[in-house]
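Coordinates in review
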Amino acid sequence: MDEKEKYERYWEIAGERKVSPGMRSIEEFDSECRERGLKKILDLGCGQGRTTAYLLERGYDVTATDIAHNAINDDLQSILYGRFVPAPAWDLPFVDNAFDCIFCCDVLEHIPPELVGKTLSEMARVAPVAYLEIASFDRHVKDPREEGSYLHVHLAVEALSWWYAELQRVGWTIKKAYDRKEGTKKTPGYAIWSVRNAKHN
């Protein structure tokens, strides 16, 4: 089973549609973007589309992408019409510098470790600023199509230092980061603001 099929199965699980991790951070992201004057946003690994809809309502020019074509919730299909582009994070179908900033919340831990570098390089290619939240715990969910089988969904479960090294290796500079366990976020993981262009430092 490839990653695309795995996440098409994942979004068939009704319970997974009830939780949108990005919503716990979207106000902070909105505030930071307004302060920096960032208007054109890529919601990378958008899932159900709730964060995309939130940003659209606040006047941003947002494009949403997810590896699974069935990720967007039915009630958001009309709102996100023409803005959702199914694609893997390591092969983004956008021109260089297409966006001002990337919002990527609880997505990178889902990437196969051997594709993390390529994913971070693609992100650096299409935007000069990125806000990342990365979970740091392993996770399996029941496969909705095969009784007794599980989908392994958190693949890149690494220390913050590992993520620092991977980001810096492809040209990202870490501007701000914290461990979510020590902040207001409840699930284990990290929050990171990264830039790759001196004018955004």
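Structural data are supplied above this passage.
In short, a report on the structure.

Conventions adopted
Within each chain, residues carry numbers counting from 1 in the order of the written sequence. Where totals are concerned, whole chains, interfaces and linings use all residues; where local detail is concerned, this predicted model gives features only for residues with pLDDT of at least 70, and gives and counts side-chain atom pairs only at 80 or more. Note that water and hydrogens are dropped before the side-chain values are worked out from all heavy atoms of the structure. Helix numbering and strand numbering both begin at the N terminus, where a helix is a DSSP run of H or I of at least 4 residues and a strand a DSSP run of E of at least 2. For a compact globule the rule gives 2.2 Å times the number of residues to the power 0.38, and the radius of gyration it is set against comes from C-alpha atoms. Classification of residues uses two cut-offs on accessible area relative to the type maximum, computed with a 1.4 Å probe and protein chains only: under 20% is buried, over 50% is exposed, and between them is partly exposed. Here a residue-residue contact requires only that any non-hydrogen atoms of the pair lie within 4.5 Å. The protein chains shown are the only cover counted for residues, whose accessible areas, like all others here, come from Shrake-Rupley with a 1.4 Å probe. Using protein atoms alone on a 1 Å grid, points that fit a 1.4 Å probe yet trap it form a cavity, whereas open point sets bounded by protein on both sides within 12 Å along at least five of seven lines form a pocket; residues with an atom within 4 Å of a point count as lining. Grid points are joined across faces, edges and corners, and a volume is the space filled by probe spheres set on the points. When residues are grouped by polarity, Ala, Val, Leu, Ile, Met, Phe, Trp, Tyr, Cys and Pro land in nonpolar, Asp, Glu, Lys and Arg in charged, and all others, Gly among them, in polar. Only strands joined by at least two bridges in the DSSP assignment are considered to pair. In this analysis, axes come from line fits to C-alpha atoms, helices being fitted only over the stretch in contact, and the angle between any two N-to-C directions falls in the range 0 to 180 degrees. To estimate the expected span of a helix, count its residues, drop one, and scale the result by 1.5 Å.

1. Side note on the overall build of the protein chain
- Tallying secondary structure elements over the protein chain gives 5 helices and 9 strands in all.
- Going residue by residue from the N terminus, the α and β elements of the protein chain occur as α-α-β-α-β-β-β-α-β-β-β-α-β-β.
- At 16 Å, the protein chain has a C-alpha radius of gyration in line with the 17 Å of a compact globule built from 201 residues.
- C-alpha extents for the protein chain along the principal axes are approximately 50 × 40 × 35 Å.
- Taken across its 201 residues, the protein chain has 52% of its residues classed as buried.
- Contacts spanning at least 24 positions in sequence make up 68% of the contacts within the protein chain whose residues lie at least 6 apart.
- With an accessible surface of roughly 9400 Å², the protein chain has 48% of that area assigned to carbon and sulfur atoms.

2. A word on the layout of surface pockets
- By volume, the largest pocket is sized at about 650 Å³.
- Together, 38 residues line the largest pocket, and Tyr10, Cys105, Asp106, Val107 and His110 are the ones closest to its centre.
- Elements with a minimum of two residues in the lining of the largest pocket: helix 1 (3-10), strand 1 (40-44), strand 2 (61-66) and strand 4 (101-105).
- Counting residues per element, the lining of the largest pocket draws most heavily on helix 1, which supplies 3 residues.
- Grouping the constituent residues of the lining of the largest pocket by class yields 19 nonpolar, 11 polar and 8 charged.

3. Let's talk about the sheet that holds strand 8 (residues 173-179)
- With respect to topology, 7 strands assemble into an open sheet ordered 3-2-1-4-5-9-8, the strand pairing being mixed. The open sheet has two free edges, formed respectively by strand 3 (84-86) and strand 8, since each of these has just one partner strand. The sheet shows a mean angle of 15° between the axes of neighbouring strands, direction not considered.
- For strand 5 (residues 129-135) and strand 9 (residues 189-195), the ladder comprises 7 bridges, and the chain directions are antiparallel. Counterpart to Glu133 in the pairing with strand 9 is Ala191.
- Across the face of the sheet, helix 3 (residues 50-57) comes into contact with strand 1, strand 2 and strand 4 while running at roughly 175° to strand 2.
- Packing of helix 4 (residues 113-126) onto the sheet brings it into contact with strand 1, strand 4 and strand 5, and relative to strand 4 it is tilted by some 150°.

4. What about the pairing of strand 9?
- Counting buried residues along strand 9, 7 of its 7 residues qualify, which places the element largely inside the surrounding structure.
- Residues of strand 9 alternate between two faces, with Gly189, Ala191, Trp193 and Val195 on one and Tyr190, Ile192 and Ser194 on the opposite face, all of them buried.
- Strand direction decides the pairing type here: strand 8 and strand 9, joined by 6 bridges, are antiparallel. From the neighbouring strand, Lys176 faces strand 9, where its bridge partner is Trp193.

5. Let's talk about the environment of His140
- By secondary structure assignment, the location of His140 is in strand 6 (residues 140-142).
- Given the relative accessible area of 45%, His140 is considered partly exposed.
- The residues touching His140, leaving out its near neighbours within four places in the chain, are Tyr150, Leu151 and His152.

6. Considerations on helix 4
- For helix 4, built from 14 residues, the straight-helix expectation of 20 Å at 1.5 Å per residue is met to within 8% by its first-to-last C-alpha distance of 21 Å.
- Every buried residue of helix 4 is accounted for by Val116, Gly117, Thr119, Leu120, Glu122, Met123, Ala124 and Val126.
- Summarising the contacts, the buried residues of helix 4 are in contact with strand 1, strand 4, strand 5 and helix 5 (160-169).

7. Some thoughts on the environment of Gln48
- Within the element layout of this structure, Gln48 appears in the loop between strand 1 and helix 3.
- For the pair Gln48 and Arg180, spaced 132 residues apart in the sequence, the C-alpha separation amounts to 23 Å.
- Beyond its immediate chain neighbours, meaning those up to four positions away, Gln48 contacts Trp11, Glu16, Arg17, Lys18, Val19, Ser20, Ala71, Ile72, Asn73 and Leu76.

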